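Below are the chains, spelled out letter by letter.
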Amino acid sequence: YTNFNDSGLSVASVGEHFQMTPSYVSRLFKDQSGETLLDYINKIRIDKAKELMKQHEYTVQDISGMVGYNDLKTFTRYFKKFEGVTPGKFKEIH
């Protein structure tokens, strides 16, 4: 979990680290875990974002960058995919 906030973390960078193609490392990961590597990375980022939101110290945009997203739109899309609500709505509730 130590590199989840690295905006350069991707399936390609993981593949490069292990000297494998992105498609091969992705297929291996899915065979072992049942989920895609990209979804796994994003779930970790979203879980950390939820923890940060409960502290009420940061804006959604701040949190987006803190957990590795360069783009607020991408963060919002993944947040809604996994949580069913936008990050702003989640922050209001919690």
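Fair warning: this is a prediction, and the values are worked out from it, not measured in the lab.

Student: Just to check I follow, could you spell out the overall build of the chain for this structure?
Tutor: A count of helices and strands for the chain gives six helices and zero strands. Overall size of the chain, expressed as C-alpha extent along the three principal axes, is 40 × 20 × 20 Å. Per-residue burial over the chain gives 30% buried out of 94 residues. Total accessible area on the chain stands at roughly 6100 Å², and carbon and sulfur atoms take up 50% of it.

Student: Would you mind going over the packing of aromatic side chains with me for this structure?
Tutor: Pairs of aromatic rings are described using the distance from one ring centre to the other and the angle between the two planes. In total, this model carries six aromatic pairs according to the counting rule given. Taking the centre distance of 6.3 Å and the plane angle of 15° together, the rings of Y78 and F82 count as stacked. Taken together, the residues Y78 and F82, both in helix 5 (residues 72-83) and four residues apart, mark about one turn of the helix. Judged by relative accessible area, F82 falls into the partly exposed class, the value being 23%. Both rings, one in F79 and one in F90, keep their centres 5.4 Å apart while their planes meet at 70°; by these two values the pair is edge-to-face. In this pair, F79 sits in helix 5 while F90 sits in helix 6 (residues 87-93), placing the two residues eleven residues apart along the sequence. By the burial criterion, F79 is buried, and F90 matches it. Feature note: the residues Y69, F75, Y78, F79, F82 and F90 constitute an aromatic cluster, connected by ring pairs.

Student: In this structure, what is going on with the confidence of the model for the chain? I would like to understand it.
Tutor: Low pLDDT means the predicted coordinates in that region are not meant to be read closely. Confidence in the prediction for the chain averages 94 pLDDT; 98% of positions are at 70 or higher. When the elements of the chain are averaged for pLDDT, helix 6 gives the smallest value, 92, and helix 5 the largest, 97.

Student: Just to check I follow, could you spell out the nonpolar core for this structure?
Tutor: Proteins that are soluble and globular tend to have nonpolar side chains buried together. Core analysis: the biggest nonpolar cluster contains 14 residues, and M53, V67 and F75 have the highest contact counts within it. Sorting the residues of this core by element identifies helix 3 (37-53), helix 4 (60-66) and helix 5 as the ones contributing at least two each. Apart from the residues within four sequence positions on either side, F75 is in contact with I46, A49, M53, V60, I63, S64, V67, Y69 and P87. The next biggest cluster of nonpolar side chains, apart from the first, holds five residues, and it includes V11, V25, L37 and I41.

Student: What exactly am I supposed to notice about helix 2 (residues 22-33) here?
Tutor: In an α-helix there are 3.6 residues to a turn, and that puts residues three or four apart on one side. A rise of 1.5 Å per residue sets the reference length of helix 2, with its twelve residues, at 16 Å; its end C-alpha atoms lie 16 Å apart and thus fit the reference within 8%. At the C-terminal side of helix 2, G34 shows a positive phi close to 85°.

Student: Any chance you could explain the environment of A49 here in plain terms?
Tutor: Among the structural elements, A49 can be located in helix 3. Since its relative accessible area comes to 0%, A49 is described here as buried. It is 6.4 Å that separates the C-alpha atoms of A49 and V67, two residues lying 18 residues apart in sequence. Residues in contact with A49, not counting those within four places in the same chain, are I63, V67 and F75.

Rules and cut-offs
- Residues numbered from 1 in each chain as written.
- Predicted model: local features only at pLDDT ≥ 70, side-chain atom pairs only at ≥ 80, totals over all residues.
- Heavy atoms only, no water.
- Helix = DSSP H or I, 4+ residues; strand = E, 2+ residues; numbered from the N terminus.
- Buried < 20%, exposed > 50% of the residue type's maximum accessible area, 1.4 Å probe, protein only.
- Areas by Shrake-Rupley, 256 points an atom, 1.4 Å probe, with all protein chains shown as cover.
- Phe/Tyr/Trp six-rings, centres within 6.5 Å; stacked < 30°, edge-to-face > 60°.
- pLDDT = per-residue confidence, 0-100.
- Core = buried A, V, L, I, M, F, W, Y, C linked by side-chain atoms within 4.5 Å.
- Contact = heavy atoms within 4.5 Å.
- Expected span 1.5 Å × (residues − 1).

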